[in-house]
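# Inside the fold
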There are 2 protein chains.
Amino acid sequence: METIFNDTYFMKKALLEAETAFNKGEIPVGAVIVTDNKIIARGHNLTELLNDVTAHAEMQAITAAANFLGGKYLHNCTLYVTLEPCQMCGGALYWSQISNIVYGAKDAARGCLHLQTKLHPKTKVKGGVLEAESAALLKRFFIEKRNLN
Amino acid sequence: METIFNDTYFMKKALLEAETAFNKGEIPVGAVIVTDNKIIARGHNLTELLNDVTAHAEMQAITAAANFLGGKYLHNCTLYVTLEPCQMCGGALYWSQISNIVYGAKDAARGCLHLQTKLHPKTKVKGGVLEAESAALLKRFFIEKRNLN
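Residues numbered from 1 in each chain as written. Chains lettered and ligands numbered in written order. Predicted model: local features only at pLDDT ≥ 70, side-chain atom pairs only at ≥ 80, totals over all residues. Heavy atoms only, no water.

Bringing the UniProt feature "binding site: Zn(2+)" (unreviewed entry) in chain A into the picture now. The positions UniProt marks with the feature "binding site: Zn(2+)" (unreviewed entry) are H56(A), C86(A) and C89(A). In terms of the greatest pairwise C-alpha distance, the residues named above, spread along 34 residues, form a tight cluster of at most 9.2 Å across. Lining residues of the largest cavity, restricted to the annotated ones just named, are C86(A). Residue placement: H56(A) occurs in the loop between strand 2 (38–44) and helix 2 (57–69). By relative accessible area, which is 14% here, H56(A) ends up buried. Aside from chain neighbours lying at most four places away, what touches H56(A) is N45(A), T47(A), C86(A), M88(A), C89(A) and W95(B). Position of C89(A) among the secondary structure elements: in helix 3 (residues 87–96). Residue classification places C89(A) among the buried residues on the basis of a relative accessible area of 0%. Filtering out sequence-adjacent residues up to four positions away, C89(A) remains in contact with H56(A), E58(A) and M59(A). (UniProt positions renumbered as here; feature names shortened; annotations may be inferred. 1 Å grid on protein atoms, 1.4 Å probe; cavity = no way out; pocket = protein on both sides within 12 Å on 5 of 7 lines; lining within 4 Å. Helix = DSSP H or I, 4+ residues; strand = E, 2+ residues; numbered from the N terminus. Buried < 20%, exposed > 50% of the residue type's maximum accessible area, 1.4 Å probe, protein only. Contact = heavy atoms within 4.5 Å.)

We now examine the relation of the copies chain A and chain B. Least-squares fitting of chain A to chain B yields an RMSD of 0.0 Å, with the superposition described by an axial translation of 0.0 Å and a rotation of 180°. The transformation just described matches what one would write down for a two-fold rotation axis. For chain A, the minimum C-alpha distance to the rotation axis belongs to M88(A) and amounts to 2.0 Å. Looking at chain A, 100% of its interface residues are interface residues in chain B too, so the copies touch through the same face. (Least-squares fit on C-alpha atoms with pLDDT ≥ 70 in both.)

This part takes up empty space enclosed by the protein. Per the counting criterion, the structure on display carries two cavities of 30 Å³ or more. If you add up the space inside the largest cavity, you get close to 40 Å³. Around the largest cavity, the lining residues are C86(A), Q87(A), R110(A), L115(A), Y94(B), W95(B) and K118(B). Residue classes in the lining of the largest cavity are distributed as four nonpolar, one polar and two charged. Here the second largest cavity is characterised by a volume of approximately 30 Å³. The wall of the second largest cavity is formed by G91(A), Y94(A), W95(A), C86(B), Q87(B), M88(B), R110(B) and L115(B). (Points joined across faces, edges and corners; volume = space filled by probe spheres on them. Nonpolar A, V, L, I, M, F, W, Y, C, P; charged D, E, K, R; others polar.)

What follows is about the sheet that holds strand 3 (residues 78–83) of chain B. By way of backbone hydrogen bonds, the strands of a sheet pair with one another, either parallel or antiparallel. Residues and elements named next belong to chain B. Taken in spatial order, the five strands line up as 2-1-3-4-5 in an open sheet, and their pairing is mixed. Because the sheet does not close on itself, it has two edges, and the strands there are strand 2 (38–44) and strand 5 (124–126). For this sheet, the mean inter-axis angle between neighbouring strands, taken without regard to orientation, is 15°. Direction of pairing for strand 1 (residues 30–35) relative to strand 2: antiparallel, over a ladder of six bridges. Opposite I33, over in strand 2, you have A41 as the bridge partner. Relative to the sheet, helix 1 (residues 7–23) contacts strand 1, strand 2, strand 3, strand 4 (100–105) and strand 5, its axis offset from that of strand 1 by approximately 145°. Each of strand 3 and strand 4 touches helix 4 (residues 131–148); the most contacted strand, strand 4, lies at about 60° to it. (Pairing = 2+ DSSP bridges. Axes fitted to C-alpha atoms, helices over the stretch in contact; angles between N-to-C directions.)

Our next topic: the interface of chain A and chain B. In this complex, chain A contributes 26 residues to the contact, which on the side of chain B involves 26 residues. Interface area, chain A with chain B, both sides summed: about 2,400 Å², of which 60% is carbon and sulfur. At the surface where chain A touches chain B, the tally comes to two salt bridges. Among the salt bridges present, the one from K72(A) reaches E48(B), with a minimum N-O distance of 2.6 Å. The interface formed by chain A and chain B holds twelve residue pairs in polar contact (both at pLDDT 80 or more) in total. The set of elements that each furnish at least two residues to the side of chain A that touches chain B consists of helix 2 and helix 3 of chain A. The element contributing the most residues to the side of chain A that touches chain B is helix 3 of chain A, with seven residues. Broken down by class, the residue content of the side of chain A that touches chain B amounts to ten nonpolar, eleven polar and five charged. (Buried area = accessible area lost by both parts, 1.4 Å probe. Salt bridge = Lys/Arg side-chain N within 4 Å of Asp/Glu carboxyl O. Polar contact = N/O pair within 3.5 Å; in protein donor to acceptor, adjacent residues only side chain to side chain.)

So, in structure tokens, the structure goes:
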């Protein structure tokens, strides 16, 4: 029997976080951090509510995961995030030495891969998990926002 | 009479923050954010004490400044930081649209200029203010740390 704890399973959890952001009027990006098939941290974008450009989903999840682990390095951890991380989050992930980054939708303008942010040599990256769902939620947000203005 | 509120004046305040970090056993980097010749935020590196890679001096100062201003954009603000910001901090500064970044010592390995982190087109950068003092404090930290181990 195949384990249910695969990339799709955890990205769905990240998407739930993104939906929470959506419902708060935030650009809908969500993240979870997983080690040994256990979610140890969750985060969703809160830049508007907190008036803080650093309050990206990934940044909050990195801080929460380190707090849970009692150490700042996220070895043997995987970040699931619905959108390709930006330079800031990529830079934080570099310092964390996280083992894996799995993202949903691409960010061809501001993504850390596009902008060639240096990641840690220990870090593996995989994109495109629930890409359509992640991108659709973002698209819906911006359409609704445009119609409100 | 020349104003005392020049780059050297504010970088000295950032250096005081770096010394506070030093005294806590942290890599000594300090930062202040200034608008209209007024310091509106201070920060020093706390990555070890907080077990958090995101706790760089600049990140804390960005959050504190936005909190003070009641908005997430740091227009008409200048960051003074004793060490060239890293990719993470450079990425955060990109989002903040800060007007000026003034740094002390270069970071030829992990600095955002060296690694070509994209900064906001509105942001001007100046390096080398109290460079020797900023670099000397870092050097002293690493020498003392090596001698303790």
